[in-house]
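One-letter residues, chain by chain:
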Amino acid sequence: GGVYALAGSFISSTFDMGLANDFQRISWVPDDQPSDTGADSVRFQIATATTTNPAVWTFLGPDGTAGTYYTNPDTDINAIHNGERYIRYQPFLPTADTAATPAISEVAVTFGSDCVPPGQAFFSGLSGGMYNISVTHSGYQTINDTVSVGGEWQEYSASMQP
């Protein structure tokens, strides 16, 4: 195998949730990492804002400070982020062994608002075109589909089976 860096990180794009939200959980896949990478080889911090370009994006962990990290792949997001519209996440990917590397393939943030109840999602400002979607929930079948977006309002409904 190759030689990997001892640590890596990046900052996601800014996601516009459309309106102020209550952020609920962060999760990622895969939820387990090679044992050679060490404990907490995948960890996250989250930054939120009310405007698209705040002066500073402050990344915080589960206790609401910059000194902690979300280390479990299905964790409640600190309520300090509630009421914000924009979100970014920053994964940190350290390894204890440069012959092994942690990896993530998906990141999900669940949220709710007065307009968007739990179990629903709202996307604003999408350009017309085809979008691939994946609807998942623990204990239920995954639904993968393609949606054509072309008007001012679009609705998609997925019925999931356990």
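Everything that follows concerns the structure shown earlier in this document.
Note that the structure is predicted; figures quoted are calculated from it, not measured.

Analysis parameters
Residues numbered from 1 in each chain as written. Predicted model: local features only at pLDDT ≥ 70, side-chain atom pairs only at ≥ 80, totals over all residues. Heavy atoms only, no water. Helix = DSSP H or I, 4+ residues; strand = E, 2+ residues; numbered from the N terminus. Buried < 20%, exposed > 50% of the residue type's maximum accessible area, 1.4 Å probe, protein only. Contact = heavy atoms within 4.5 Å. Areas by Shrake-Rupley, 256 points an atom, 1.4 Å probe, with all protein chains shown as cover. Lys, Arg positive; Asp, Glu negative; His and termini not counted. Charge placed at Lys NZ, Arg CZ, Asp CG, Glu CD. Pairing = 2+ DSSP bridges. Salt bridge = Lys/Arg side-chain N within 4 Å of Asp/Glu carboxyl O. Phe/Tyr/Trp six-rings, centres within 6.5 Å; stacked < 30°, edge-to-face > 60°.

Whenever I open this one, the overall build of the chain confuses me. Can you help?
Each helix and strand in the chain was counted, giving zero helices and seven strands. Judged by the C-alpha coordinates and their principal axes, the chain covers about 50 × 40 × 30 Å. Across the 162 residues of the chain, 28% fall into the buried class. Contacts in the chain between residues at least 24 apart in sequence constitute 68% of all its contacts with a sequence separation of at least 6. Surface summary for the chain: the accessible area is close to 9,900 Å², and the carbon and sulfur share equals 49%. Distance between charge centres in the chain, computed from 4 positive and 16 negative side chains, equals 8 Å.

Is there a simple way to think about the pairing of strand 1 (residues 15–29) in this case?
Remark: a regular strand shows side chains that alternate across the two faces of the sheet. Of the pairings in the sheet, the one linking strand 1 to strand 4 (residues 84–92) comprises three bridges and is antiparallel in character. Looking at strand 4, one finds that Asp 16 is bridged to Tyr 86. Taken together, the seven bridges between strand 1 and strand 5 (residues 106–112) define a ladder with antiparallel strand orientation. When the bridges of strand 5 are listed, Phe 23 appears paired with Phe 111. Two strands pair when backbone bridges link them, and strand 1 and strand 3 (residues 74–76) are joined in this way by three bridges, in the antiparallel orientation. Residue Ser 27 lies in a different strand from strand 3, and its bridge partner there is Asp 74.

Can you help me understand the pattern of salt bridges in this one?
A complete count under the given rule lists three salt bridges for this structure. Close ionic contact of Arg 25 with Asp 74 constitutes a salt bridge, the shortest N to O distance being 2.9 Å. With Arg 25 in strand 1 and Asp 74 in strand 3, the pair connects residues that are 49 residues apart, well separated along the chain. For Asp 74, a relative accessible area of 48% gives the class partly exposed. When the shortest N-O distance is used, the salt bridge between Arg 25 and Asp 76 registers 2.2 Å. Here Arg 25 is found in strand 1, whereas its partner Asp 76 is found in strand 3, with 51 residues between them in sequence.

I'm lost on the environment of Ala 108 in this one. Help?
Checked against the element boundaries, Ala 108 lands in strand 5. On the basis of relative accessible area, Ala 108 is assigned to the partly exposed category, the value being 35%. In the structure, Ala 108 is positioned 54 residues away from Pro 162 in sequence and 20 Å away in space, judged by C-alpha atoms. If we skip the residues at most four places from it in the chain, Ala 108 touches Arg 25, Ile 26 and Ser 27.

Help me understand the packing of aromatic side chains in this model?
For any two aromatic rings, the description comes down to two numbers: the centre-to-centre distance and the angle of the planes. The final tally for this structure, using the stated rule, is four aromatic pairs. Between Phe 44 and Tyr 89, the ring centres sit 5.8 Å apart and the planes meet at 55 degrees, which makes this aromatic pair tilted. Linking Phe 44 in strand 2 (residues 43–49) with Tyr 89 in strand 4, this pair joins segments that are 45 residues apart in sequence. Exposure remark for Phe 44: the relative accessible area of 0% places this residue in the buried category.

What is the right way to read the pairing of strand 2 from this model?
Within strand 2, six of the seven residues are buried, which leaves the element mostly enclosed by the surrounding structure. Pairing analysis gives seven bridges linking strand 2 to strand 4, with the strands arranged antiparallel. Opposite Gln 45, over in strand 4, you have Gln 90 as the bridge partner.

By themselves these figures say nothing about function.
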